[in-house]
Each structure stands twice: as C-alpha cells, then as structure tokens.
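So the chains spell out like this:
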Amino acid sequence: MYVLGIDPGLSNLGWAIIEDKDPPNLIDFGLIKTEKELNEEERLLKVYNSLKNIYKNYYPTYTVIENIYFKKNIKTAIKIGEVKGVILLIAGEFKSKVYELNPSNVKLYFTGFGGSKKNNMKKMVKILYNIEIKEDDTVDAIALATSFINLKSLREKSDLIS
C-alpha cells in the first residue's frame, strides 16, 4: 500500500510516495514547480496534471497533506486553499483517503520532537532513507507520508493492546 505525502504550494509543491511496510520504503519523490509568468488557472492546471500522473502511476491508498494555519498573509492562504482543492479533487477521483496533519505533529512523528527545524528534518530523511534532499517542500512531503505511517502503526499497535 502506498501513501502520498503532499506539501501543498502553488509555486512549489513537494510530494513523496512511501510504501507502508516495516520499515517504510521511499518509492519516489519530487517537486512540482509552476512558473510565476503563468496565470493562476494555468498554474493550477499544471499542478492538477502533474499530480494526476503521480496518482495514475501509484494509486496511493492514502493522501496526507499538511494542515497549514496562516495568521498574516491571506493571499498565500487563499492560494494554498486552491491547491488543496485540486488535491482533494484528484484524491477523490482516485479514491485515495485524505488525512491532514499539522506541522508540529509531523515533526513529532518524524523526528521525535515537535519543534524540529528544517535541518533536523533533512537529517532524518538521510537517516531513514539514505538520501539527501535539498528542497524543503520535498522533505516535508516525505515527512508527512512517513509520519502518517508511523501514526497509523502506533494506532494499530494500541488497538492490539486494548
């Protein structure tokens, strides 16, 4: 079973496919970039088409996205909301169950500390998957999918205990 982690963004959208096994296996990852010269409709269409290809290749059972809270920049919040709408649409098309995790929980389930910095996240990717990733958005996508798998495993183990 595959889990697709997505760090939503209009300029840069990080994604990662992780196979849910013990230990989790990083299958594929990348960054979808949209050019600022394109109008918003063209940028969203590029995100849609790129993500649709990923869903067609892997048919992820779960899609995990970051639940982001914006306090200051309403324009950024609206753009992220539009990208999340595209993600929800494609996930629905491919019958992938969507889960949202907040950033501090992702850091906690990925590194063991909810206040981890970007360099700690990158180090954990290197430790777990033996690969160095430079793009923060891709690292976040890997962390999202891995955190979901870790959380799911904890819940399944706690069900066995109770």
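Structure's up top.
What counts and how
- Residues numbered from 1 in each chain as written.
- Predicted model: local features only at pLDDT ≥ 70, side-chain atom pairs only at ≥ 80, totals over all residues.
- Heavy atoms only, no water.
- Helix = DSSP H or I, 4+ residues; strand = E, 2+ residues; numbered from the N terminus.
- Rg over C-alpha atoms; globule rule 2.2 N^0.38 Å.
- Buried < 20%, exposed > 50% of the residue type's maximum accessible area, 1.4 Å probe, protein only.
- Contact = heavy atoms within 4.5 Å.
- Expected span 1.5 Å × (residues − 1).
- Arc of directions from axis to C-beta.

K.L.:
Any chance you could break down the overall build of the protein chain for me, citing the residues and the numbers?
P.N.:
Regarding its fold elements, the protein chain presents five helices and five strands. Its C-alpha atoms give the protein chain a radius of gyration of 15 Å, within 12% of the compact-globule value 15 Å for 162 residues. Principal-axis analysis of the C-alpha atoms places the extent of the protein chain at approximately 50 × 30 × 30 Å. Here the protein chain holds 162 residues, and 40% of them are scored as buried. Of the contacts formed within the protein chain by residues at least 6 apart in sequence, a portion of 61% connects residues at least 24 apart.

K.L.:
Please provide a residue-by-residue account of helix α1 (residues 40–58), values included.
P.N.:
In an α-helix, one turn spans 3.6 residues, which is why side chains three or four residues apart end up on the same side. Over its 19 residues, α1 extends 27 Å from the first C-alpha to the last, a length consistent with the 27 Å expected when each residue adds 1.5 Å. Buried within α1 we find Arg43, Leu44, Val47, Tyr48, Leu51, Ile54, Tyr55 and Tyr58. For α1, the buried positions fall inside an angular range of 135° around the axis, keeping them on one side. Exposed side of α1, more than 90 degrees from the buried face: Glu41 and Asn57 are the residues found there. Those residues of α1 that are buried are in contact with β1 (2–7), β2 (12–19), β3 (25–33), β4 (62–66) and α2 (74–93).

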